[in-house]
Each structure stands twice: as structure tokens, then as C-alpha cells.
Amino acid sequence: MGGIVAVVPEAEVAGARVLLAAVRKLLAVVPGGERRQDSVLEGLKQAPDGFDGIVLVHDAARPLVDVALVEAVAREAEGTGAALPVLPVVDTVKRVRDGLVLETLDRGELGAAQTPQGFRYALLVEAYQAAMRSRLTVTDEAMAVERLGAPVVAVPGSPRNRKITTPEDLAWAEGVASGALRA
């Protein structure tokens, strides 16, 4: 890894700079934008001039990602241009509108996206610029790249790489981090 850019809420930039001061490969701590894509673009602006390598975008809400998963995404992105970790969907998924079930989706074709998501730098910049021109809001980097028509490869995700969004998620993560629970 050549460098790390931390994108944080504007009010937390100073504190994050202090907290991350000891991180050897830290290139910058910058304020994010209103939407995820705005924040990612702010981070991409910090790439060194002439950079043409792979970038990985990771959510701080997934603090238990392991090195093997990061390496797998980076390797696949290096080879194909775009990759993300995906977990198979185990529940039956229904499309619902206004409280009515419209259809049952084939879970064999569904996956739950995780981060880090990896891309060739130029591809991701192009994808986000196209999304901005189209005034499209994307929910992750892969969606922006998909909209260009570029292939995005799914690599096996990890149940340990869970997004921490609820008090129950936090309790689970604390149990895993303390060794009391297995991921």
C-alpha cells in the first residue's frame, strides 16, 4: 500500500488528524462531502500527480476487515480493473412496494456488497465524473463503475467484515474484538 487518505466529516478533521498522526502512510485527512460519492471524490483528489494504480475505498463502519480480504480485492482489481467483496444472500428476498410483495428475487443471483472496493484509479475517477455529470446518486463505487458498462468482479466476502450500524452490531463487534465471540 502506497498511502492512506482518511475522509471524515468536516467537524472531525482536526481530531482525526491528531488520532491518525502516527499512521506512517497517511497522505491526508480531508473533509468529506454531502454524499458518499462526494466524499470519495475528495479522497481521490489526494492521489499523487501521475498516479495510475489501484485505489481501495473502505468504510470505517467495517472495522473488522482482515488483511486477506483487502489483498484479495486489490489483486483482483489489479488484474481486472474493478472488484469488491460480496457475501451470498441467504434469506429469501422480496421486492416490496407500498406494503405489497411484487416478486421473489432469485437469491442465487444476489450478493451483499462489502468494502473495500478496489479500482484502477482512472476508471473510478471516470465513473464518478460520469455520475456527477448525470446527476446520479450512487450507493457505492461499484455502482458508478457498473453504470459505465465496465465489469466489476465479485470476490468472496467475509462474515467478519460486517457493517456496524446498530447497537446489536456494535455489541457483536466488541465481542469479536475481545475474543469472546468468533466472527
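Caption draft 1: Structural detail: the overall build of the protein chain. Within the protein chain, the regular secondary structure consists of 6 helices and 9 strands. Computed over the C-alpha atoms, the radius of gyration of the protein chain is 18 Å, within 12% of the 16 Å expected from 2.2 N^0.38 for a compact globule of 183 residues. In terms of principal-axis extent, the alpha carbons of the protein chain reach across some 50 × 45 × 35 Å. Put simply, the protein chain has 183 residues, and 32% of those count as buried. Long-range contacts, defined here as pairs at least 24 residues apart, represent 59% of the contacts in the protein chain between residues at least 6 apart. Carbon and sulfur atoms form 53% of the exposed surface of the protein chain, whose accessible area is close to 11300 Å². Charged side chains in the protein chain number 20 positive and 24 negative. The centres of these two groups are separated by 1 Å.

Caption draft 2: Structural view of the side chain of Gln117. Residue position: Gln117 is located in strand β8 (residues 117-120). Relative accessible area serves as the criterion here: at 2%, Gln117 is assigned to the buried category. One polar contact links Gln117 to Asp140, side chain to side chain, over a distance of 2.9 Å. Of the polar contacts made by the side chain of Gln117, one reaches the backbone nitrogen of Glu141; its length is 3.4 Å. For Gln117, the contacting residues outside a window of four places in its chain are Val55, Leu56, Val57, Val73, Ala83, Leu84, Asp140, Glu141 and Ala142.

What counts, and where the lines are drawn
- Residues numbered from 1 in each chain as written.
- Predicted model: local features only at pLDDT ≥ 70, side-chain atom pairs only at ≥ 80, totals over all residues.
- Heavy atoms only, no water.
- Helix = DSSP H or I, 4+ residues; strand = E, 2+ residues; numbered from the N terminus.
- Rg over C-alpha atoms; globule rule 2.2 N^0.38 Å.
- Buried < 20%, exposed > 50% of the residue type's maximum accessible area, 1.4 Å probe, protein only.
- Contact = heavy atoms within 4.5 Å.
- Areas by Shrake-Rupley, 256 points an atom, 1.4 Å probe, with all protein chains shown as cover.
- Lys, Arg positive; Asp, Glu negative; His and termini not counted.
- Charge placed at Lys NZ, Arg CZ, Asp CG, Glu CD.
- Polar contact = N/O pair within 3.5 Å; in protein donor to acceptor, adjacent residues only side chain to side chain.

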